[in-house]
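Spelled out from the first residue to the last, the chains are:
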Amino acid sequence: MHDTLHLAPDSAGIARAAALLRAGGLVAFPTETVYGLGGDATCDAAVAGIYAAKGRPSHNPLIVHVPDLAAAERLAVFDDQARALAAAFWPGPLTLVLPLRTDAGLSPRITAGHTRVALRVPAHPLAQHLLRACARPLAGPSANPSGKISPTTAAHVLHGLSGRIAAVLDGGPCTVGVESTILAPGTPPALLRPGGISAEDIARVLGTLPARAADTPNPVAPGQLASHYAPDAALRLNVTAPLPGELWVGFGPCPGAALSLSETGDLAQAAARLFATLREADRRAGPAGRIAVAPVPHRGLGLAINDRLARAAAPRP
Ligand code: TXA
Ligand code: MG
């Protein structure tokens, strides 16, 4: 493949990105959560290219990004609950898994054989401009090689995918820092992945807490593999007293910590810093190194942070 273009976040950069996407090319773009690896969701070759560039197993379906609810309703069937969630949280870091319309026109590879499609309306202004400029629904998994740490800067994207994609649109660091919350509406609604919208916020809209996928008999987001977000170094969690040789990542007051997710114990700051901090800890610890992470509370965004940390620490395949 050719060199990956580094596009500026201006009208020329957006126009170039949109033209590449319309021609079936792959362009990484910023969202408020993490950078997505964009490709035309209606184009079979583009979608196949996404799986190839990431090394992603073909049974793991892709999220489709659209600019607004009207565009989403052309792809999936919404009921009252889904509309209430969209009204409350779109644009924003919530992905809804809904019945695919027969006339949606998406590449069959998007849903990997499932009858439901995952839809997301990102809030990031550049993502919004790009979706409107290219006028196609965009498949957008996180722009990292499969199983590795998600990217929250254009430099992270290039580190993992340079030479494998046509371009990256540089929007600076992502503000939320963890991926979208994935929810399948229903009774009860199923939380397939905790993320940038907290379960508590969803409960305020629905009047009931969504059930964690692990608590329900069957449905699991296929991509929620045990090992994910894996640094090269080994990771140990909930550590209040690091062992000699461990690089300690703090949360709140942690005297002697090498790095911190948030010195003040702020969960939003910890989410925004999570992936960049894991990368930096990995770089400092080295390939045979060991990283220890302080406990992070399991409320609000802490649910998503702990989910990502648990996968980063899980035994590797
Ligand atoms: O914040 C985000 O959601 C980011 C940005 C770029 O939008 N995207 C992202 O995509 O995290 P990805 O592919 O890294 O994670 C998508 C997850 C995977 O676990 C996948 O299995 C699940 O969503 N998923 C996609 N389509 C699905 C479907 N039809 N049913 C159930 N799970 C689905
Ligand atoms: Mg991902």
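Values in this document were obtained by computation on a predicted structure and should not be read as measured data.

**Student:** Could you give me a rundown of the site of ligand 1, with the residues and numbers involved?
**Tutor:** Near ligand 1 lie 26 residues; those nearest to it are T33, N60, H65, R120 and S180. Contact between ligand 1 and T33: an oxygen atom at 2.7 Å from a side-chain N or O atom of the residue. N60 has a polar side-chain atom sitting 2.6 Å from an oxygen atom of ligand 1. Bound to the protein, ligand 1 loses 97% of the 680 Å² it would expose on its own. Of all the secondary structure elements, the ones that give two or more residues to the shell around ligand 1 are β4 (63–65) and β6 (116–120). Considering every element that reaches the shell around ligand 1, the biggest residue donor is β6, with four residues.

**Student:** Let's hear about the domain arrangement of the protein: which residues, and what values?
**Tutor:** Domain annotation of the protein identifies domain 1 (5–212) and domain 2 (234–313). Computed from C-alpha atoms alone, the centre-to-centre distance between domain 1 and domain 2 is 26 Å. Taken residue by residue, the interface counts 22 residues in domain 1 and 14 residues in domain 2. With both chains or domains summed, domain 1 and domain 2 bury close to 1400 Å², and 60% of this area falls on carbon and sulfur atoms. Per-residue buried area on domain 1 facing domain 2 is highest for I149, V178 and P194; these three make up 36% of the total on that side. Viewed at the interface, domain 2 and domain 1 are joined by one salt bridge. Its salt-bridge partner being E179, residue R308 comes within 2.8 Å of it at the nearest N-O pair. For the pair domain 1 and domain 2, the number of links is six residue pairs in polar contact (both at pLDDT 80 or more).

**Student:** Which residues make up the packing of aromatic side chains, and what values go with them?
**Tutor:** Going through the model one piece at a time under the given rule, you end up with one aromatic pair. Taking 6.0 Å as the distance between ring centres and 70° as the angle between the ring planes, the aromatic pair formed by F78 and W90 counts as edge-to-face. You can see F78 sitting in the loop between α3 (69–73) and α4 (80–89) and its partner W90 sitting in the loop between α4 and β5 (94–99), a full 12 residues away along the chain. As far as burial versus exposure is concerned, F78 and W90 are alike and both buried.

**Student:** Break down the packing of α4 against helix α7 (residues 199–206) for me, with residues and values.
**Tutor:** Closest axis-to-axis distance for the α4/α7 pair is 10 Å, and the angle between their directions is 125°. Considering the angle they form, α4 stands oblique to α7. Taken as a pair, α4 and α7 cross one another with a handedness that is right-handed. Contacts between α4 and α7 involve Q81, A84, L85, A88 and F89 from the first element and D201, I202, V205 and L206 from the second. Each residue belonging to the contact of α4 with α7 can be placed in one class, and the counts come to seven nonpolar, one polar and one charged.

**Student:** Break down the sheet that holds strand β10 (residues 190–193) for me, with residues and values.
**Tutor:** Strand order in the open sheet formed by 11 strands is β1-β8-β2-β3-β7-β4-β6-β5-β9-β10-β11, and the pairing between neighbours is mixed. Every interior strand has two partners, whereas the edge strands, β1 (5–7) and β11 (211–212), have only one. Two strands pair when backbone bridges link them, and β5 and β6 are joined in this way by five bridges, in the antiparallel orientation. Following the sheet pairing, V97 is matched in β6 by A118. Along the sheet face, helix α6 (residues 154–161) touches β1, β2 (27–29), β3 (36–40) and β8 (167–169) and points at about 165° away from the line of β8.

**Student:** Got a sec to walk through the side chain of E246? Specific residues and values, please.
**Tutor:** Relative to the assigned elements, E246 resides in strand β13 (residues 246–250). Overall, E246 belongs to the buried group, its relative accessible area being 12%. Only 2.9 Å separates the side chain of E246 from the backbone nitrogen of L243, close enough to count as a polar contact. The contacts of E246, once residues within four sequence positions are left out, are R236, V239, R290 and A292.

**Student:** How would you explain the side chain of N306 if you had to name every residue and give the values?
**Tutor:** Looking at where N306 falls in the secondary structure, it is placed in helix α9 (residues 302–313). When its relative accessible area of 12% is taken as the criterion, N306 is described as buried. Side-chain polar atoms of N306 contact the backbone oxygen of P297, separated by 3.4 Å. Apart from residues lying up to four places away in sequence, N306 is in contact with V296, P297 and H298.

**Student:** Describe the state of the cysteines, with residues and values.
**Tutor:** Under the criterion given, the structure shown has zero disulfides. With no disulfide of its own, C43 has C134 as its nearest cysteine by sulfur position, at a separation of 12 Å. With no disulfide of its own, C174 has C134 as its nearest cysteine by sulfur position, at a separation of 18 Å. C174 sits in the buried class, given a relative accessible area of 5%.

**Student:** Could you give me a rundown of unusual backbone geometry, with the residues and numbers involved?
**Tutor:** Between W90 and the following residue, P91, the backbone shows a cis peptide bond with an omega angle of -5°. For P91, the position within the fold is in the loop between α4 and β5. With an omega of -5°, the peptide bond between T187 and P188 qualifies as cis. Assignment of secondary structure puts P188 in the loop between β9 (181–184) and β10. A positive phi angle, near 50°, is found at A112, a position not held by glycine. Take A112: it is sitting in the loop between β5 and β6. Of the residues examined, A112 reaches a relative accessible area of 24% and is grouped as partly exposed. Here A135, not a glycine, exhibits a phi torsion of approximately 55°, which is positive.

Conventions we followed
- Residues numbered from 1 in each chain as written.
- Chains lettered and ligands numbered in written order.
- Predicted model: local features only at pLDDT ≥ 70, side-chain atom pairs only at ≥ 80, totals over all residues.
- Heavy atoms only, no water.
- Near = heavy atom within 4 Å.
- Polar contact = N/O pair within 3.5 Å; in protein donor to acceptor, adjacent residues only side chain to side chain.
- Areas by Shrake-Rupley, 256 points an atom, 1.4 Å probe, with all protein chains shown as cover.
- Helix = DSSP H or I, 4+ residues; strand = E, 2+ residues; numbered from the N terminus.
- Domains from an automatic or database assignment.
- Contact = heavy atoms within 4.5 Å.
- Buried area = accessible area lost by both parts, 1.4 Å probe.
- Salt bridge = Lys/Arg side-chain N within 4 Å of Asp/Glu carboxyl O.
- Phe/Tyr/Trp six-rings, centres within 6.5 Å; stacked < 30°, edge-to-face > 60°.
- Buried < 20%, exposed > 50% of the residue type's maximum accessible area, 1.4 Å probe, protein only.
- Axes fitted to C-alpha atoms, helices over the stretch in contact; angles between N-to-C directions.
- Parallel < 35°, antiparallel > 145°, perpendicular 65-115°, else oblique.
- Left-handed = near helix turned anticlockwise from the far one by under 90°.
- Nonpolar A, V, L, I, M, F, W, Y, C, P; charged D, E, K, R; others polar.
- Pairing = 2+ DSSP bridges.
- Disulfide = S-S within 2.5 Å.

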